[in-house]
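An overview of the molecular structure
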Amino acid sequence: MVQKSETIWFDGKQVAWDDANVHVLTHTLHYGLGVFEGIRAYKCVDGTSAVFRLREHVERLFASARILRMEIPYTVDQLVDAVVETLQRNKLDEGYIRPLSFVGAGAMGVNPGSNPIQTIIATWPWGAYLGEEALEAGIRVKTSSFQRHHVNAMMTKAKAVGNYVNSILAKTEALADGYDEGLMLDTAGFVSEATGENIFIVRGGVIKTTPLTSILDGITRNSLMTLAGDLGYTVVEQQFTRDELYVADEAFFCGTAAEVTPIREVDRRVIGAGKAGPVTKHLQTEYFKLVKGENPKYAHWLHQYSL
């Protein structure tokens, strides 16, 4: 269950959590046209707090809206400030941040017409998305029977509300079959991504990740590619098949919610040693250092604030 905070930023005002409501005929509720982001704030070693790559996340929200022909009635700077304001109002020195822009009530039917575009920013405490134990032991993964969207069927570069019906189908299938997460293939049969995470594999010391062809341009993915390169690893973007994943030395998911989560098993095949491998652990350790302000090289990725 989501742990309630005091307020939610709703169209420019701080509204009590339980009063942040919409009408049942809200267009996005019926047709799924909306965009959102997942962002994390971390408590830093110097006693301050910081939102990880806040501006990049907000800019991606606007990019997603542009793809879907939605006009968010705010600026990037206004929403950046609103995120910090909401964290401070809720006295959160770390936690999860969910901006959402959606089509409000008005006209019904597929065409949203001139219905208002509304925006909320919610913040709450949230630990590891796939569980604290998963960060060390890794998770079990099933290749889903559901494919990732074709790039001309749904706009895969938009973090769109409706896109996640696909993810829900894959996630609930995986859980029902006794796994922790679903792995999705693209329409050509190559490994794409998970229901809410990007994927990396390690083989022979080389780190490989799916190219942007059919996946969301993950900000955590981009961060890890930069970090790994700076640490001296070879990182390539290249299509790969699930049987290449089966014989990888290591594999892991990444994302704002999942952070860096090792994969210990795929389709009942043990990956590597069946736990977080040395490359995964190295990247995981260094990632947590940088988001908590322990690596000044990446200070520009941290939007600091204090309560």
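Look above for the structure.
Fair warning: this is a prediction, and the values are worked out from it, not measured in the lab.

Turning to the environment of phenylalanine 52, a few remarks are in order. Within the fold, phenylalanine 52 resides in strand S5 (residues 49–52). For phenylalanine 52 and histidine 300, which are 248 residues apart along the polypeptide, the C-alpha to C-alpha distance reads 9.4 Å. Apart from residues no more than four positions distant in its own chain, phenylalanine 52 is found in contact with Ile39, Arg40, Tyr42, His57, Ser223, Tyr287, Leu290, Val291, Trp301 and Leu302.

Evaluation of the coordinates by the stated rule reveals 11 aromatic pairs. Measuring from ring centre to ring centre gives 5.9 Å for phenylalanine 52 and tryptophan 301, while their planes differ by 85 degrees; the resulting arrangement is edge-to-face. You can see phenylalanine 52 sitting in strand S5 and its partner tryptophan 301 sitting in the loop between helix H8 (278–291) and strand S17 (302–305), a full 249 residues away along the chain. Each member of the pair, phenylalanine 52 together with tryptophan 301, is buried. Between tryptophan 124 and tryptophan 126 the ring centres are 5.9 Å apart and the planes differ by 45 degrees, which places this aromatic pair in the tilted class. Taken together, the ring pairs in this structure connect Phe52, Tyr287, Phe288, Tyr298 and Trp301 into an aromatic cluster. We note arginine 140 situated over the ring of tyrosine 179; from NZ or CZ to the ring centre the distance is 4.5 Å. One cation-aromatic arrangement involves arginine 269 over tyrosine 246; the distance from NZ or CZ to the ring centre is 4.1 Å.

Quantified by volume, the second largest pocket comes out at close to 250 Å³. Lining the second largest pocket are 14 residues, and of these Arg40, Tyr42, Glu94, Glu132 and Glu259 sit closest to its centre. Of all elements in the fold, only strand S4 (39–43) and helix H4 (132–137) reach the threshold of two or more residues within the lining of the second largest pocket. Split into classes, the residues belonging to the lining of the second largest pocket amount to seven nonpolar, two polar and five charged. Each of two domains, domain 1 (7–124) and domain 2 (132–291), supplies a minimum of three residues to the lining of the second largest pocket.

Criteria and thresholds
Residues numbered from 1 in each chain as written. Predicted model: local features only at pLDDT ≥ 70, side-chain atom pairs only at ≥ 80, totals over all residues. Heavy atoms only, no water. Helix = DSSP H or I, 4+ residues; strand = E, 2+ residues; numbered from the N terminus. Contact = heavy atoms within 4.5 Å. Phe/Tyr/Trp six-rings, centres within 6.5 Å; stacked < 30°, edge-to-face > 60°. Buried < 20%, exposed > 50% of the residue type's maximum accessible area, 1.4 Å probe, protein only. Lys NZ or Arg CZ within 6 Å of the ring centre and 35° of its normal. 1 Å grid on protein atoms, 1.4 Å probe; cavity = no way out; pocket = protein on both sides within 12 Å on 5 of 7 lines; lining within 4 Å. Points joined across faces, edges and corners; volume = space filled by probe spheres on them. Nonpolar A, V, L, I, M, F, W, Y, C, P; charged D, E, K, R; others polar. Domains from an automatic or database assignment.

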